[in-house]
Amino acid sequence: MAEIKLKGNAIHTSGELPGVGTDAPDFRLVATDLSEKSMEDYKGKKKVLNVYPSLDTEVCAMSVKTFHQKLADRDDVVVLNISADLPFASKRFCAAEGVENAEVLSTFRASFGQDYGLEIVDGPLAGLNSRAVLVVDENDKVVY
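Residues numbered from 1 in each chain as written. Predicted model: local features only at pLDDT ≥ 70, side-chain atom pairs only at ≥ 80, totals over all residues. Heavy atoms only, no water.

(A) Geometry of the overall build of the chain. Within the chain one finds three helices and eight strands. Listed by position from the N terminus, the elements making up the chain come as β-β-β-β-β-α-β-α-β-α-β. Relative to the globule expectation of 15 Å for 144 residues, the C-alpha radius of gyration of the chain, 14 Å, shows essentially globular dimensions. Taken along the three principal axes of its C-alpha coordinates, the chain extends 40 × 35 × 25 Å. Here the chain holds 144 residues, and 41% of them are scored as buried. Taking contacts inside the chain between residues at least 6 apart in sequence as the whole, the part at least 24 apart equals 65%. With the model as given, the accessible surface of the chain reaches about 7900 Å², and the carbon-plus-sulfur share is 50%. Of note, the chain has its 16 positive side-chain charges centred 3 Å away from the centre of its 23 negative side-chain charges. (Helix = DSSP H or I, 4+ residues; strand = E, 2+ residues; numbered from the N terminus. Rg over C-alpha atoms; globule rule 2.2 N^0.38 Å. Buried < 20%, exposed > 50% of the residue type's maximum accessible area, 1.4 Å probe, protein only. Contact = heavy atoms within 4.5 Å. Areas by Shrake-Rupley, 256 points an atom, 1.4 Å probe, with all protein chains shown as cover. Lys, Arg positive; Asp, Glu negative; His and termini not counted. Charge placed at Lys NZ, Arg CZ, Asp CG, Glu CD.)

Here it is, written out as structure tokens:
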């Protein structure tokens, strides 16, 4: 269990992030078209996992836009924007903000937060994922 801060107050997550050099856990997440995505869908690419509680917060929304602006033109990298937001809300956000072709994935029927040690277990955001960025190489090893 990791301790993080929310407005200066300690809250906890379900575990620890996967360590550098370990295999990134596989996942089944829901895309904005309601299809399911797994690590296999991004095989052979470097992956930036941009995990956040919700697009309804300014910092989380900014992270999606910033990663998209900086990495959208890279063919060897995919940014996976991951939250508990429903796919419909994520699709509306991307349309309203002009974020085209972004990989925005929902954990709404997945164990992702538990598998990655990111599920917040207490405090007002319990049940959502903590904010985190992980970098996974083309062989699905955590490098950052």
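(B) Just the nonpolar core, in detail. In this structure, Phe 27, Leu 49, Leu 80, Ile 82, Leu 105, Phe 112 and Tyr 116 are the most contacted members of the largest nonpolar core, which totals 19 residues. For this core, the elements supplying multiple residues, two or more each, are strand 3 (29-31), strand 5 (46-51), strand 6 (77-83) and strand 8 (132-136). Core analysis: the next-biggest nonpolar cluster, separate from the first, contains nine residues, Tyr 52, Cys 60, Ala 61 and Cys 94 among them. (Core = buried A, V, L, I, M, F, W, Y, C linked by side-chain atoms within 4.5 Å.)

(C) Seen up close, the packing of aromatic side chains. Per the stated rule, a full pass over the model turns up two aromatic pairs. Both rings, one in Phe 27 and one in Phe 112, keep their centres 6.2 Å apart while their planes meet at 75°; by these two values the pair is edge-to-face. A residue pair is termed long-range when its members are at least 10 positions apart, and Phe 27 in the loop between strand 2 (9-12) and strand 3 and Phe 112 in helix 3 (residues 112-115) qualify at 85 residues. A single burial state applies to Phe 27 and to Phe 112, both of which are buried. Pairwise contacts between aromatic rings join Phe 27, Phe 112 and Tyr 116 into one cluster. (Phe/Tyr/Trp six-rings, centres within 6.5 Å; stacked < 30°, edge-to-face > 60°.)

(D) Representation of the pairing of strand 8 within the structure. Of the two faces of strand 8, only one is covered, namely that formed by Ala 132, Leu 134 and Val 136; the face formed by Val 133 and Val 135 stays uncovered. Note that strand 5 and strand 8 share five bridges and pair antiparallel. Following the sheet pairing, Lys 47 is matched in strand 8 by Val 136. (Pairing = 2+ DSSP bridges.)

(E) Structural view of helix 2 (residues 87-97). When we look at burial in helix 2, the residues that qualify are Pro 87, Ser 90, Phe 93 and Cys 94. Angularly, the buried residues of helix 2 cover 120° about the axis, an arc narrow enough to put them on a single face. When the buried face of helix 2 is taken as reference, the exposed residues oriented beyond 90 degrees from it are Arg 92, Ala 95 and Ala 96. Along its buried surface, helix 2 packs onto strand 3, helix 1 (58-71) and strand 7 (103-106). Trailing helix 2 by a residue or two, Gly 98 shows a phi angle of about 70°, which is positive. (Arc of directions from axis to C-beta.)

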